[in-house]
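Each chain is listed here by its residues.
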Amino acid sequence: MEAPNDLRFRRILSMPGLLEVVRACFERIPDPFRHRSPPLVDHLMAVMAIFFLKIPYMLDLTRPESGLASLPDPDHNFKTLFGIGCLPTDTSLRKRLDEVDPQALRSAFKAVFSEIQRGGDLEKMPVIDGHFLVSIQSTEYFRSRTIECKSCCQRNLRGGEIESFHQMVFATMIAPDAQIVLPFMPEMVLKSDGEKKNDRESNATRRLLPGIRREHPHLKICALIYRLHFGAQQVRLMRELGMNFIIGAKRSDHKFLYEQLDIDGDSYEIESTDGIRQVFRWRNGAELDDSSPGLWTNVLECHEKIPERRLRKAGGKVRIEPARERTFGWITDIELRPDRLIEVMRAGRSRCRVENEAFDTLKSFDSLEHSYGHGNNRLASVMPTIMLLEYLVENALILCCPVFGAVRRTFHARTAMSWRLKGGFLAVRLEDWEHLMRAAAPGLSGQVIPPDPKG
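Moving on, we come to the pattern of salt bridges. Enumeration according to the criterion identifies 30 salt bridges in this entry. In this structure, Glu115 and Arg118 form a salt bridge, with 2.9 Å as the shortest nitrogen-oxygen distance. Here Glu115 pairs with Arg118, and both are found in helix α5 (residues 106-118), just three residues apart, close to one helical turn. Among the ionic pairs, Arg340 bridges to Asp129, the shortest N-O distance being 3.5 Å.

Summarising the model, the protein shows a mean pLDDT of 84, and 84% of its residues fall at 70 or more. Taken as a whole, residues 1-5 scores under 50 in pLDDT and shows 12 contacts with residues more than four places along the chain or in a different chain. Taken as a whole, residues 446-455 scores under 50 in pLDDT and shows 29 contacts with residues more than four places along the chain or in a different chain.

Let us now look at the packing of helix α11 (residues 379-400) against helix α12 (residues 402-410). Any two packed helices are characterised by the angle at which their axes cross and by the distance between the axes. In the contact formed by α11 and α12, the axes pass within 6 Å of each other and the chain directions differ by 95°. Relative to α12, the element α11 lies roughly perpendicular. Contacts between α11 and α12 pair Glu394, Leu397, Ile398 and Cys400 from the former with Pro402, Phe404, Gly405 and Arg408 from the latter. Here the residues of the contact of α11 with α12 are counted per class, giving five nonpolar, one polar and two charged.

Looking at helix α4 (residues 90-97), one finds that the buried residues are Asp90, Ser92, Leu93, Arg96 and Leu97. Looking straight down α4, one finds its buried side chains confined to an arc of 165°; they lie on one side. Buried residues in α4 make contact with α2 (40-53) and α11.

For the rest of this paragraph, the subject is the nonpolar core. Soluble globular proteins tend to pack their nonpolar side chains together in the buried interior. In this structure, Phe26, Leu97, Met173, Leu182 and Trp433 are the most contacted members of the largest nonpolar core, which totals 118 residues. Ranked by the residues each element gives to this core, the list is headed by α11, at 13 residues. Excluding residues that lie within four positions of it along the chain, Trp433 makes contacts with Phe9, Met15, Pro16, Leu19, Phe52, Leu81 and Phe82. In this structure, Cys222, Phe280, Trp282 and Leu300 belong to the second largest nonpolar core, which totals 19 residues.

Turning next to the packing of aromatic side chains. Any pair of aromatic rings gets described here by the distance separating the centres and the angle formed by the planes. Across all of its chains, the model carries seven aromatic pairs by this definition. Taken together, a centroid distance of 5.0 Å and an interplanar angle of 75° make the contact between Phe78 and Phe425 edge-to-face. With a gap of 347 residues between them, Phe78 in helix α3 (residues 76-82) and Phe425 in helix α13 (residues 414-427) connect regions that are remote in the sequence. Taken as a pair, Phe78 and Phe425 share a single burial class, namely buried. Pairwise contacts between aromatic rings join Phe52, Phe78, Phe82, Phe425 and Trp433 into one cluster. The ring of Phe165 carries the charged tip of Arg155 above its face, separated from the ring centre by 3.9 Å.

Rules and cut-offs
- Think of each chain on its own: its residues are numbered from 1, step by step along the sequence as written.
- Since the coordinates come from a predicted model, pLDDT governs what is reported: local features require at least 70, and pairs of side-chain atoms require 80 or more to be given and counted, while whole-chain, interface and lining totals use all residues.
- Derived side-chain values reflect all non-hydrogen atoms in the structure, with water molecules and hydrogen atoms excluded from consideration.
- The working definition used for a salt bridge is a side-chain nitrogen of Lys or Arg within 4 Å of a carboxyl oxygen of Asp or Glu.
- Helix numbering and strand numbering both begin at the N terminus, where a helix is a DSSP run of H or I of at least 4 residues and a strand a DSSP run of E of at least 2.
- pLDDT expresses, on a scale from 0 to 100, how confident the predictor is about each individual residue.
- Residue contacts follow a heavy-atom distance rule, with two residues in contact if any of their heavy atoms lie within 4.5 Å.
- For helices, the axis comes from a line fit to the C-alpha atoms of the stretch in contact; other axes are also lines fit to C-alpha atoms, and the angle between any two N-to-C directions lies between 0 and 180 degrees.
- Put simply, angles under 35 degrees are roughly parallel, angles over 145 are roughly antiparallel, angles from 65 to 115 are roughly perpendicular, and the rest are oblique.
- Residue classes follow a fixed rule: Ala, Val, Leu, Ile, Met, Phe, Trp, Tyr, Cys and Pro count as nonpolar, while Asp, Glu, Lys and Arg count as charged, and any other residue, Gly among them, counts as polar.
- Relative accessible area decides the class of each residue, using a 1.4 Å probe on protein chains only: under 20% of the type maximum gives buried, over 50% gives exposed, and in between gives partly exposed.
- This arc is built from the directions going out from the helix axis to the C-beta atoms.
- Put simply, a nonpolar core is a bunch of buried Ala, Val, Leu, Ile, Met, Phe, Trp, Tyr and Cys residues held in one set by side-chain atoms that sit within 4.5 Å of each other.
- Two aromatic rings from Phe, Tyr or Trp, using only the six-membered ring of Trp, form a pair when their centres are within 6.5 Å; if the ring planes differ by under 30 degrees the pair is stacked, by over 60 it is edge-to-face, and anything between is tilted.
- In this analysis the charged atom, NZ for Lys or CZ for Arg, is taken to sit over a ring once it is within 6 Å of the ring centre and within 35 degrees of the ring normal.

See below:
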């Protein structure tokens, strides 16, 4: 654990500081029911509390087994830590948030990112050729044959049934070797009012990329994308936006491109100490396809051979992993040379970390696919957006806040930390966030946590 003099709450980049930043953005969101109580800001902050505490419903907090109902003032911890003046009910949450435009939450994402940049902590994230790695992914988080809303996309199933679903595309700043991801404002794939056809993932990507550049005009970005969604137009769009890119490109989908690589591509081979052999083939300056003359890009292919390995498990048992081979390919506008091939390859393959560090966490632990109420208009889009905002705040704290980082390192798994924070919140009358941190991590109990005068 850090020494007492090194462990300080930063003025802004701490849980109370970032919650004030988020609340200030929430207060500027128009309230369709502005004359009703509680105000909309209390509803939005209550959802932030729900996702921070990993609880499915606000109703659960009023039950005797939660521990909070036995406190003299059950609302005290919400008022003290989250600034919620009056705790709303589940019904009120669903009704009020169903009318909120998800785009109104965009300013909160931008504000949190701005504070990370202003504090100089964004430099802790790795870069390639001076550009931050930003992965573009899509995920489906709701599907049903019986429940639908005005924004649901629909698909026809065999047998004549219609299935409604929700999907979103979002960008996440990632680190190949770290478990920190910083999500940007997502873009929902929706069916617009009055439209019979669904929105498409490619259309959502077209909206997402300019939105990121509009909010972060000076941020150097290298976009990591699984594959070309809309061909040459996508490459041109990213160049217009001043973004580098590394896009997955299979040989079967880009025969014209790989023919040029086969004709006069360069090659380079390395073998690691554990016997893994990687053969790189690349070419700088290849036309993307025969229908887009003059659209030049660089192509990289990596053929990897992994030998048979014997892995000893607990108890002395030996598991044998058979030898295997696999091939990866990308197109990029980063100049390729032998000393940069591994860096580009690792960046391209790190895109899959979003599956592990974001999607799996949000779905299995943060309950992204859990139904908090589907609503009739926008609730099914607002709730996942706030969940991503809370996830951004939480990861920003691990990256920037010495106190929260110390608490995180106290536990082996993020799950254990969240259960301890939730237990302390529900069982103890808390005076401030320092009190909760001490309750969650007993190792902090003997240390003074003053505010950082430089924070």
